[in-house]
Amino acid sequence: MNDTRFAICIPMANEEQDFDSFITPLKKVLSRYPNVKVYMVVDNASKDRTPQLCEQLQAEDARFRYIWAPENRNVVDAYLRGFREAMKEHPDFILEMDGGGSHDPRVIPAFVRAMTEGNECAFGSRYINGGSMVGSPFKRRFLSKFGSFLARVLLGCPMKDVTSGYEAFSYEVMEKLLAYPLKSKAHFYQTELRYLCRYRNWIEVPIHYTAPSPRVSPNALRNARNCLLYYIFKNLISAPHV
């Protein structure tokens, strides 16, 4: 048993079909950790029975917390709402992951180990030894790798993978991130967090990333472009970080 106190934040939207296949292995992994809470954030983006399934899970298992957040405008709002709820319990660290099956719960022990060995941040990486991107369409692979390349070259962000959403932050770092005026509203959010944490004590953890959605909306691409230009400009002046 590991007595580390940590929280897991998972935005959940339209997960009814794969709910059990995700929650069952997650529960198995969490059996090793007596001091963990899982925050499932659901909003109006979900059109199926995901809210009811999360509510039922909360009633059956005290480790799981269901958060209904109809005020969310995008997935970034969902992440931030989950973080704020988790911070109320003062965990040692918070782990962010996806509820759609693209993030394997069996990697959680690697994140726990990374965060209990003195790191302030642990970032899931598909592009280091031991990591992979499985079943992803070419467009998503290209955007992910090209985005990571741009972040390294234009922002000085040294991670190999800057677009994965499987990551962990210490309580202190998360406190600073929640106080920072984030610019991203979609996919660039993951890159923005890594960029802001680049001077912290961090490590990359190999992950196997499975079959994300092939669709990236024009609005998300536009927001990513605008955020990238904003931080390129900010880099010339003050190089922001947390």
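Before any of the text, the structure's been laid out above.
Heads up: these notes are all about the structure in this document. Here the residue numbering is sequential within each chain, running from 1 through the sequence in written order. A pLDDT threshold of at least 70 governs which residues receive local features in this predicted model, and a stricter bar of 80 or more applies before side-chain atom pairs are shown or counted, although totals over entire chains, interfaces and linings include all residues. Note: side-chain values were computed over all heavy atoms of the structure, leaving out hydrogens and water.

## Points about the pattern of salt bridges
Basic side-chain nitrogens of Lys or Arg form a salt bridge, by our definition, when they fall within 4 Å of a carboxyl oxygen of Asp or Glu. All chains considered together, the criterion is met by twelve salt bridges. Across the salt bridge formed by Arg-81 and Glu-71, the nearest N and O atoms sit 2.7 Å from each other. Of the two residues, Arg-81 is situated in helix H3 (residues 75-87) and Glu-71 in the loop between strand E3 (64-68) and H3; the sequence distance between them amounts to ten residues. For Arg-73, the salt bridge goes to Asp-77, with nearest N and O atoms at 3.2 Å. Working definition: with a 1.4 Å probe on protein chains only, accessible area under 20% of the residue-type maximum means buried, over 50% means exposed, and in between means partly exposed. Here Arg-73 falls in the exposed class, since its relative accessible area comes to 66%. For the purposes of this entry, the term helix denotes a DSSP run of H or I that reaches at least four residues, the term strand denotes a run of E that reaches at least two, and both are numbered from the N terminus.

## Topic: the side chain of Thr-4
Considering the arrangement of structural elements, one finds Thr-4 in the segment before strand E1 (6-12). The exposure class assigned to Thr-4 is buried, which follows from its relative accessible area of 10%. In protein, a polar contact means a hydrogen-donor-capable atom and an acceptor-capable atom, both N or O and within 3.5 Å, with residues adjacent in sequence counting only if both atoms are side-chain atoms; elsewhere, any N or O pair within 3.5 Å suffices. A polar side-chain atom of Thr-4 sits 2.5 Å from a polar atom in the side chain of Asn-2. Should any heavy atoms of two residues lie within 4.5 Å, those residues are counted as being in contact. Residue contacts for Thr-4: discarding those within four places in its chain leaves Asn-35, Asp-92, Phe-93 and Thr-116.

## Description of the pairing of strand E7 (residues 167-170)
Working note: regular strand, side chains alternate between the two faces of the sheet. The alternating pattern of E7 places Glu-167 and Phe-169 and Ala-168 and Ser-170 on opposite faces, both of which are buried. Alignment of strand E4 (residues 93-96) against E7, held across four bridges, turns out to be antiparallel. Each residue of the ladder has a partner; that of Phe-93, found in E7, is Ser-170. Strand pairing requires that DSSP identify at least two bridges connecting the strands. Relative to E7, strand E5 (residues 121-125) runs antiparallel, the two being bridged by three bridges. Of the residues in E7, the one forming a bridge with Cys-121 is Phe-169.

## Concerning the sheet that holds E1
Read across the open sheet, the seven strands follow the order E3-E2-E1-E4-E7-E5-E8; overall the sheet is mixed. Strand pairing shows two members of the sheet lacking a second neighbour, E3 and strand E8 (202-206), which therefore form its edges. Averaged over all pairs of adjacent strands, the angle between strand axes in this sheet comes to 20 degrees, irrespective of strand direction. The strands that helix H7 (residues 188-196) touches are E4, E5 and E7; relative to E7, the one it contacts most, it runs at about 40 degrees. Axis definition: a line fitted to C-alpha atoms, over the contacting stretch in the case of helices. Angles run 0 to 180 degrees between N-to-C directions.

## What about the packing of H7 against helix H8 (residues 218-237)?
Here H7 crosses H8 at 15 degrees, and the two axes come no closer than 10 Å. The pairing of H7 with H8 is recorded here as roughly parallel in orientation. Here the hand of the crossing between H7 and H8 comes out right-handed. Contacts from Phe-188, Glu-192, Tyr-195 and Leu-196 in H7 reach Ala-224, Cys-227, Leu-228, Tyr-231 and Asn-235 in H8. Gly counts as polar in this scheme, as do all residues outside two lists: the nonpolar Ala, Val, Leu, Ile, Met, Phe, Trp, Tyr, Cys and Pro, and the charged Asp, Glu, Lys and Arg. Broken down by class, the residue content of the contact of H7 with H8 amounts to seven nonpolar, one polar and one charged. Convention used here: angles under 35 degrees read as roughly parallel, angles over 145 as roughly antiparallel, angles from 65 to 115 as roughly perpendicular, and any remaining angle as oblique. In this scheme the crossing of two helices becomes right-handed for a clockwise turn of the near helix relative to the far one and left-handed for an anticlockwise turn of less than a right angle.

In short, shape yes, function no, at least from these values alone.
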